[in-house]
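Structure at a glance
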Amino acid sequence: MTSTIDTPEGTTAPAEKKKPKKQGLGLGKYILIRFLLIFPTIFILVTMVFFLMRITGDPITAALAGRLPPEALQARIEEAGYDRPVIVQYFEYLGNLLQGDFGTTLSTNTPVTTVLVNYGTATLELVFYALIVAFIIGIPFGLISAYKRDQWPDALLRFFAILCYATPIFFAGLLLKLVFSVWLGWFPVSGRTSYMSELEGLRAPTGIYLLDALRAGNWTIAVDVLEHAVLPAVALGLLVAGIFLRLVRTNVIGTLGSNFVEAGRSRGTSEYRLLTKHAYKPALIPIITVMGLQIAMLMSGAVLTETTFGWRGLGFQLAEYLTARDFVAVQGIVMLLAVIVAVTNFLVDIIAALIDPRVRF
Amino acid sequence: MAEQQTRSWWLRLPVISHLRKSVGVQRVMLIIGVALSSLFVLTAMFAPLIAPFGYAQTSDESGRFGAQMPPSAEHIWGTTVGGFDVFSRVVWGAQTAAMVIILGVVFSIFAGVILGLVSGYLGGVVDRILVVVADAVYAFPGLLLAIVMAIVISGGQSGLFGGIMAAAISITVVFIPQYFRVARAETLRLKAEPFVESAKVVGTSDIRIISRHVFPNATRTMPLIFTLNASESILTLAGLGFLGFGIEPTSAAEWGYDLNRAMADATSGIWWTGVYPGLAIVLTVLGLTLVGESMNDLNDPRLRGRKRARKPGSGQGPLGRSKQTVPTAEDVDGTGMEATK
């Protein structure tokens, strides 16, 4: 839940980083430098999370203390190598990470990579739906808000945007459930589908249920999957929609006042066209950059949404493993999310540079 | 929270001066924000007087409250699944939230500003490393970081003091990068100012320059960031509580935890256990955000002045948003009344 106000601040961070090579280097070099910057970011996060988690002691004691006799516990600690100096474990962990080995969960004894693959798709699906909701609500309302600046529709929409931000996802989820599932009975209360067994029985499932259902040509399941997705997508999407709305508003207000819009107006271009073509497009650049930064917030949000709606994705699993004190799994999931955030920020910077040459120099 | 506000009132009267500058919609938003924030502060301060029962109380002279009782004369907002009085827990929750905010924000201002001042003033390798680390932490999902910190500090759940400290420190870690950035950017700007140079010329020590010349000038935007972070830290605290990493229910009342317990109730149509703590979170965050937003908007002319003075290398302004609002203030502003945006 990143504050919506300071996010644009981050947009200038890449500008700061590429300052040394100020004198007009090409796009290729910019991409390369930006790409190389991913690694220190990931490295710092990996290091931080690793040592923070180790302060609490070794994972086996945390997960199994009280359930195993002390001797058996000690044996398992030695077997897993947790009795060695932390620094040795750290380098071993780094080495394993480089080979794509995130460790094995203690509570379910499955490789963390399997967990990531199995549940990552669910999170991906959720985030995708949420973004659709966010775009559908955020962008048109942002345009209206900018156009009706300082009039009552604007005031109302801005208030709505702040309200979206102020409502914790789980409370939004609770209200949505209460109204639309319990009282109106329109949507299911939780879960991803009622046809779990059918979907799991499919050959080579993608894990993205909608795709799986469509591939199987089963419309009943596809509709069911979508019905399950509506409330979680709205709960997570509204949070992001509020931010999009404000971003679109501020940026479009900026471009609406510029000379080329004025020139368009003097030539008799319709107000609608001025808004959607002339003012909107240049306003997109800062919006894209900031959207990339929202990915971190989206990840935090996904954890809460999944827990609220029993959506069995990475966030849901994370909460489960946290409760089980399975820190190997927690570390793995946190690590993956860190990588996703770093890579997304990289991609967004590249897109911004492609659209706007000024970013590169 | 309360202390913070009164102190600023004596010194710079931030909210009141903003109120006088504001007009129209802006003023309404600010007034609503101030009203909601005051309600929150007052509830937190006078929780023992307002709440009819204790936060961990499940019975009184007339016997046990009973679980999941609908709102009635005795329990105006009903009782929870654990048999607590919802109204009392919401009121006590304000106190918990206020304590966490004060501690969390004070810690992060303390650490973030000092790091930012030193890093910006000294520059060099230390500065580079700190900036990269701060960027990495900033990019990381705040709630996850807070969870990791909560595990580290308290191993999950804990009592009143431990729980509040754990939540506060978890929140601190999330916010340090923000204060760090702001303080550092300001320091870089101030470092080039004539008054700092003249101080150097007369042989003032670095520590004195930082503490007497740079620091007072670098912290002008802090009340604003404080308000915005306060609302964010409430959300983080609630998120922690919701995921079960907050404070134990018998040690203190916490809105996020209550919502967690209320999720199952909602499925069976019991609305009062979740709606009230949820509304408390929404209204508090709404109030603080409205105050912060309004202050941000009303500060625009000053931010614009600063933006001109900024050196190209000094990173960004105190709040990136100024960058976006500047053209609006300059270009769209034709009515004279719009100065407040």
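All figures in this text were calculated on a predicted structure; none of them were measured in a lab.

**Quick notes on the overall build of chain B**
- Secondary structure summary: chain B contains 15 helices and two strands in total.
- With 341 residues in all, chain B has 58% of them scored as buried.
- Taking the contacts inside chain B whose residues are at least 6 apart along the sequence as the reference set, 74% of them involve residues at least 24 apart.
- Carbon together with sulfur atoms contributes 66% to the accessible area of chain B, which is approximately 13,200 Å² in total.

**Quick look at the overall build of chain A**
- Helix and strand content of chain A: 17 helices and zero strands.
- A buried classification covers 55% of the 361 residues belonging to chain A.
- The contacts of chain A with a sequence gap of at least 6 include a subset with a gap of at least 24, amounting to 73%.
- Here chain A displays about 15,400 Å² of accessible surface, and carbon together with sulfur accounts for 67% of that area.

**Topic: the pattern of salt bridges**
Residues and elements named next belong to chain B.
- All chains considered together, the criterion is met by five salt bridges over all chains.
- Between R184 and D127 there is a salt bridge; the shortest N-O distance is 2.7 Å. Of this pair, R184 sits in helix α8 (residues 160-191) while D127 is found in helix α6 (residues 124-139), placing the two residues 57 residues apart along the sequence. Comparing R184 with D127, the two get one shared label, buried.
- Taken together, the shared-partner salt bridges connect E186, R189 and E193 into one network.

**Comments concerning the environment of B:L143**
- The residue B:L143 is located in helix α7 (residues 142-154) in this model.
- With relative accessibility at 4%, the residue B:L143 sits in the buried group.
- Leaving out residues up to four positions away in the same chain, B:L143 has contacts with A:S300, A:L304, B:T236, B:G239, B:L240 and B:L243.

**Some details on the side chain of A:R249**
Residues and elements named next belong to chain A.
- Counting through the fold element by element, R249 comes out in helix α13 (residues 219-256).
- In this structure R249 comes out as buried when scored by relative accessible area, which is 2%.
- In this structure the side chain of R249 is engaged in a polar contact, spanning 2.8 Å, whose partner is the side chain of D154.

**Topic: the packing of aromatic side chains**
Residue and element names in this part refer to chain A.
- A complete count under the given rule lists twelve aromatic pairs over all chains for this structure.
- Geometrically, the ring pair formed by F141 and F160 is edge-to-face, given 6.5 Å between the ring centres and 90 degrees between the ring planes. One end of the pair, F141, is in helix α8 (residues 112-147); the other, F160, is in helix α9 (residues 152-166), with 19 residues separating them in the sequence.
- Joined through ring pairs, the aromatic side chains of F50, F51, Y90, F91 and Y93 make up one cluster.

**A few points about the confidence of the model for chain B**
Residues and elements named next belong to chain B.
- Of the residues in chain B, 70% reach a pLDDT of 70 or more, and the chain-wide mean stands at 71.
- Confidence drops under pLDDT 50 across residues 301-341; counting only partners more than four residues distant or on other chains, this segment forms 85 contacts.
- Predicted complex, confidence summary: ipTM 0.75, pTM 0.76.

**Examining the packing of helix α3 (residues 27-36) of chain A against helix α17 (residues 327-355) of chain A**
All names here are of chain A.
- Orientation of α3 relative to α17, taken along the N-to-C sense of each, is 165 degrees, at an axis distance of 10 Å. With respect to their mutual orientation, α3 and α17 come out roughly antiparallel. The interaxial crossing formed by α3 with α17 has right-handed handedness. In contact with L27, Y30, I31, R34 and F35 of α3, α17 contributes N345, F346, D349, I350, A353 and L354.
- Its residues assigned to classes, the contact of α3 with α17 shows eight nonpolar, one polar and two charged.

Each value, and the rule that gives it
- Residues numbered from 1 in each chain as written.
- Chains lettered and ligands numbered in written order.
- Predicted model: local features only at pLDDT ≥ 70, side-chain atom pairs only at ≥ 80, totals over all residues.
- Heavy atoms only, no water.
- Helix = DSSP H or I, 4+ residues; strand = E, 2+ residues; numbered from the N terminus.
- Buried < 20%, exposed > 50% of the residue type's maximum accessible area, 1.4 Å probe, protein only.
- Contact = heavy atoms within 4.5 Å.
- Areas by Shrake-Rupley, 256 points an atom, 1.4 Å probe, with all protein chains shown as cover.
- Salt bridge = Lys/Arg side-chain N within 4 Å of Asp/Glu carboxyl O.
- Polar contact = N/O pair within 3.5 Å; in protein donor to acceptor, adjacent residues only side chain to side chain.
- Phe/Tyr/Trp six-rings, centres within 6.5 Å; stacked < 30°, edge-to-face > 60°.
- pLDDT = per-residue confidence, 0-100.
- Axes fitted to C-alpha atoms, helices over the stretch in contact; angles between N-to-C directions.
- Parallel < 35°, antiparallel > 145°, perpendicular 65-115°, else oblique.
- Left-handed = near helix turned anticlockwise from the far one by under 90°.
- Nonpolar A, V, L, I, M, F, W, Y, C, P; charged D, E, K, R; others polar.

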